[in-house]
Amino acid sequence: MRLLFLLFLPLFLFASAIETPIVSINNEKAIIKIPTIDIGVSGFIVRTFNDNHSAIISGATVSHFNSETQEASLTLSEYDGLVQNSLPNGNWRPQKGDIAVLAFAYERAILIAPSDDIYHGISSRIKNVHWVHPDSFAAFLSYRGHPTPLVEDMQGFCRLASVGLFYIYTDQALFTLDCQSFALLQITPAPMKIKNQKLPFYSMVENIEANWFGVGNDELESYDPYYMKVIVQSN
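Not measured: the values here are computed from a predicted model. Per-chain numbering applies: the sequence of each chain, read as written, is numbered from 1 onward. Residue-level local features of this predicted model are given only where pLDDT is at least 70; pairs of side-chain atoms are given and counted only at 80 or more, and the full residue set underlies all totals for whole chains, interfaces and linings. In computing side-chain values, all of the structure's heavy atoms are included and hydrogens and water are not.

Asker: How should the nonpolar core be read in this particular structure?
Answerer: Inside soluble globular proteins, nonpolar side chains tend to come together where they are buried. In these notes, a set of buried Ala, Val, Leu, Ile, Met, Phe, Trp, Tyr and Cys residues joined through side-chain atoms within 4.5 Å is what counts as a nonpolar core. Only protein chains enter the area calculation, which uses a 1.4 Å probe; residues under 20% of their type maximum are buried, those over 50% are exposed, and those in between are partly exposed. Counting 35 residues, the largest nonpolar core has I37 and L74 as the members making the most contacts within it. Breaking this core down by element, the ones donating at least two residues are β1 (18-26), β2 (29-33), β4 (53-66), β5 (71-77), β6 (99-102), β7 (108-112), α2 (116-123) and β9 (165-170). Two residues form a contact once any of their heavy atoms are found within 4.5 Å. L74 has contacts with K29, A30, I32, I45, A60, T61, V62, S63, A100 and L102, leaving out every residue within four places of it along the chain. Counting 28 residues, the second largest nonpolar core, distinct from the first, contains I110, Y223, Y226 and Y227. Numbering of helices and strands runs from the N terminus; a helix is a DSSP stretch of H or I covering at least four residues, while a strand is a stretch of E covering at least two.

Asker: Mind showing me how you'd approach helix α5 (residues 223-233) here?
Answerer: Residues spaced three or four apart along an α-helix face the same direction, because each turn holds 3.6 residues. Those residues of α5 that fall on the buried side of the exposure criterion are Y223, Y226, Y227, V230 and I231. Seen from one end, α5 has its buried residues packed into an arc of 130°, which puts them on one side. When the buried face of α5 is taken as reference, the exposed residues oriented beyond 90 degrees from it are P225, V232 and Q233. Contacts from the buried residues of α5 go to β7, α4 (151-161), β9 and β10 (173-178). Read the arc as the range of directions from the helix axis to the C-beta atoms.

Asker: Please clarify how the side chain of T20 should be interpreted in this entry.
Answerer: Mapping T20 onto the fold places it in strand β1. At 3.4 Å, the side chain of T20 forms a polar contact with the backbone oxygen of K33. The residues touching T20, leaving out its near neighbours within four places in the chain, are I32, K33, D98, I99 and A100. Within 3.5 Å is the distance limit for a polar contact, defined as a pair of N or O atoms, with the added protein rule that one can donate a hydrogen and the other accept it, and that residues adjacent in sequence qualify only through two side-chain atoms.

Printed below as a string of structure tokens:
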């Protein structure tokens, strides 16, 4: 097995969550100061009310970074990572001084690979990551009735399992995506010979249940074209 991995320096910068205050709000976007960050990194905004109480008040995704001023713009959105219908929702808008928490759960990741040798070959070489096994994702897909995983399935599983990064091996490369924005953060050439390919991806779950109808209910017929399409359409 031959692996040609480049250094994962950009991702090592975010081995733990980044916490930094909002310095201003400009055109409905939050502005933070940060030395460097990738566009597409997601997270949320936290407001501290007192020493004992704080709350997540918004989702956030990096939409622009200015290397000269070291400022990043965050697109704000409703945060759906913690859904609790029994509790009231505060009508708070992010403001200067609130804390942006980015690259949350980046130390937890899931890898989609076409075979067990590629899965173990890659996962064993990327250190400081807690790998969530694809069996869990396959079981999640079976519950949803989607033998062909949709982007919303991937994002939904990430929220459920508190996973920050989604790795997909396809077309002789490893693609690293933010779990929530599904923005492409990195492409790493990794030429490997595929043995005993399994669809829709390697797992020890023998059968993923399918719905009678709807998108995602068909069996996946071809690995590389489908996952490349998912990545391209999301970016």
